[in-house]
Structure formats: C-alpha cells, structure tokens
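# Coordinates in review
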Amino acid sequence: MTQTPDHAVDTRTDRAPETVEQLEQEGDFAADFLEGLLDIADIDGDLALDVRAGRAYVSVEAPEGGSVGVLADPDTVQALQELTRIAVQTKTGRFSRLILDIGGSRDTRKQELTTLVERAIARLDEGASQASLPAMSSYERKLVHDIVSERGFVSESYGEGADRHTVISRG
C-alpha cells in the first residue's frame, strides 16, 4: 500500500504556485465556461468567484425559484468540476485545482463527511484500533483530515487513484 499525506506540500520544481491574479483569471475562465453550460441546459444560476488557500473557488448559486439543485448531486458536481478544470487548463495552459460548488453542495458534503468521521471515531471509542472510510476525492480527503485533526485524532490516506481512502486512528 502506498501512503502519502494529502496535505503534504507540493515540492515539485516544475510548477510554481499560482499568483492571486492567475487564480482570479482561472475563476473568470471557469465562470465563462459554466455560464455557457448553464445557458445550454436552460438552468438559472448566479456565479460567485473567490480565491482561498491557493485555489480558485467558483460557486453556482440558485436565484429564488432557480433550478441549480438538479446539478447539486456530489457525483455531478465532481464531474462538472473536472470538465471546468479541463476548460480552464485549455485556456491557461496550466493545471487547475479550482473548486466548484453548486447550490451549497460543498457545505452539504462537508456535513456528511463530519457525520462519517464521527461514526468512525465512535468505533474507535468502542475499541477499534483504526477505522477506514470509503474512497473519496482528494478534496474530500483533505476535509476529512481537517475534521479528524480538529477532534484530536490522526488520519492518513492509503491506496491509489479511485481506491484512495482515509484511515483514522488515535494520535
């Protein structure tokens, strides 16, 4: 099993950190792509752009009576995020790590992950030496690592690709 912390610092020398201006540009390109996609699908949505923690964040929010909710399923958000990253990369020539939120899907998923971590910690409290969580995206694993750390436990990621998952244990 390969073990690499998801929160490790990127030490590759082939990629310099993006500037705030570059991240804002990523957000603008992403917004243009998503506006076109929403127009094609005839879905009303308001876009909000932000730069946080070295990433561009793009949120698609539903105006009153809007239909953005049809896209808020976590698998759909993940797929649209990947498509948007590809569109941005095509425009900039740089790999994009932008985060897409649709209709509050990120907050909903964070709450689901918090519940998942709480159940895993309960298993540890009942005597288990460790608790494994299902495979999830790198962004979700990062959220899990943060939640676990806040609760005074330790987490590490194992596996490769789509099988990469997090294991929680006592510190």
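### Examining the overall build of the protein
Scanning the protein from terminus to terminus reveals 4 helices and 6 strands. Reading the secondary structure of the protein in the N-to-C direction produces α-β-β-α-β-α-β-α-β-β. Overall, the protein is about 55 × 45 × 25 Å in size when its C-alpha atoms are taken along their principal axes. The proportion of buried residues among the 171 residues of the protein is 36%. The long-range fraction of contacts in the protein, counting pairs at least 24 apart against all pairs at least 6 apart in sequence, stands at 58%. With an accessible surface of roughly 9,900 Å², the protein has 49% of that area assigned to carbon and sulfur atoms.

### Examining the confidence of the model for the protein
With 91% of its residues at a pLDDT of 70 or more, the protein has an overall mean of 88. Averaged over each element, pLDDT in the protein is lowest for helix 4 (residues 138–150) (93) and highest for strand 4 (residues 130–132) (97). Below pLDDT 50 for its whole length, residues 1–13 participates in 18 contacts with residues either more than four positions away or in separate chains.

### Overview of a negative patch on the surface
A contiguous patch of negative charge on the surface is contributed by Glu 21, Glu 24, Asp 28, Asp 32, Glu 35, Asp 39, Asp 42, Asp 44, Asp 46 and Glu 61. The element best represented in the negative patch is helix 1 (residues 20–41), accounting for 6 residues. Along the chain, Asp 39 falls in helix 1. Under the relative-accessibility criterion, Asp 39 is labelled exposed at 62%.

### Things to note about helix 3 (residues 105–125)
Taking 1.5 Å of rise per residue, 21 residues should cover 30 Å, and helix 3 covers 30 Å from first to last C-alpha, within 8% of that figure. Burial in helix 3 covers these residues: Ser 105, Arg 106, Leu 113, Thr 114, Val 117, Ala 120, Ile 121 and Leu 124. Each element contacted by the buried residues of helix 3 is listed here: helix 2 (74–92), strand 3 (99–102), strand 4, helix 4, strand 5 (153–158) and strand 6 (165–170). A positive backbone phi angle near 115° is found at Gly 127, which sits one or two residues after helix 3.

### Details of the packing of helix 1 against helix 2
Contact pair helix 1 / helix 2: the axes reach a minimum separation of 9 Å and the direction vectors enclose 120°. One element, helix 1, and the other, helix 2, form an angle in the oblique class. Crossing geometry of helix 1 relative to helix 2 is assigned as right-handed. Contacts between helix 1 and helix 2 involve Gln 25, Glu 26, Phe 29, Ala 30, Phe 33, Leu 34 and Leu 37 from the former and Leu 80, Leu 83, Thr 84, Ala 87, Val 88, Lys 91 and Thr 92 from the latter. By residue class, the composition of the contact of helix 1 with helix 2 is 9 nonpolar, 3 polar and 2 charged.

### Quick notes on the nonpolar core
Leu 113, Val 117, Leu 133, Val 144, Val 148, Phe 153 and Ile 168 are the most contacted members of the largest nonpolar core, which has 17 residues in total. If you list the elements that add at least two residues to this core, you get helix 3 and helix 4. When neighbours within four sequence positions are excluded, Ile 168 is seen to be in contact with Val 117, Ala 120, Leu 124, Gln 130, Ala 131, Leu 133, Val 148, Phe 153, Val 154 and Ser 155. The next biggest cluster of nonpolar side chains, apart from the first, holds 15 residues, and it includes Ala 30, Val 58, Val 77 and Ile 102.

### Quick word on the packing of aromatic side chains
Taken as a whole and assessed by the stated rule, the structure comprises 0 aromatic pairs. Above the plane of the ring of Tyr 57 lies Arg 52, whose end atom (NZ or CZ) is 3.8 Å from the centre.

### Let's talk about the pairing of strand 2 (residues 55–61)
Along strand 2, 6 of the 7 residues are buried, which leaves the element largely enclosed by surrounding structure. Across 7 bridges, the pairing between strand 1 (residues 46–52) and strand 2 is antiparallel. Paired with Leu 47 across the bridge in strand 2 is Val 60. The turn joining strand 1 and strand 2, which pair antiparallel and follow one another in sequence, is formed by 2 residues; a positive phi near 50° is taken by Ala 53. By the bridge criterion, 4 bridges tie strand 2 to strand 3 in an arrangement that is parallel. The residue of strand 3 that forms the bridge with Val 58 is Leu 100.

Definitions and cut-offs
Residues numbered from 1 in each chain as written. Predicted model: local features only at pLDDT ≥ 70, side-chain atom pairs only at ≥ 80, totals over all residues. Heavy atoms only, no water. Helix = DSSP H or I, 4+ residues; strand = E, 2+ residues; numbered from the N terminus. Buried < 20%, exposed > 50% of the residue type's maximum accessible area, 1.4 Å probe, protein only. Contact = heavy atoms within 4.5 Å. Areas by Shrake-Rupley, 256 points an atom, 1.4 Å probe, with all protein chains shown as cover. pLDDT = per-residue confidence, 0-100. Patch = residues over 30% accessible without salt bridge, like charges linked within 9 Å, V, L, I, M, F, W, Y side chains within 5 Å. Salt bridge = Lys/Arg side-chain N within 4 Å of Asp/Glu carboxyl O. Lys, Arg positive; Asp, Glu negative; His and termini not counted. Charge placed at Lys NZ, Arg CZ, Asp CG, Glu CD. Expected span 1.5 Å × (residues − 1). Axes fitted to C-alpha atoms, helices over the stretch in contact; angles between N-to-C directions. Parallel < 35°, antiparallel > 145°, perpendicular 65-115°, else oblique. Left-handed = near helix turned anticlockwise from the far one by under 90°. Nonpolar A, V, L, I, M, F, W, Y, C, P; charged D, E, K, R; others polar. Core = buried A, V, L, I, M, F, W, Y, C linked by side-chain atoms within 4.5 Å. Phe/Tyr/Trp six-rings, centres within 6.5 Å; stacked < 30°, edge-to-face > 60°. Lys NZ or Arg CZ within 6 Å of the ring centre and 35° of its normal. Pairing = 2+ DSSP bridges.

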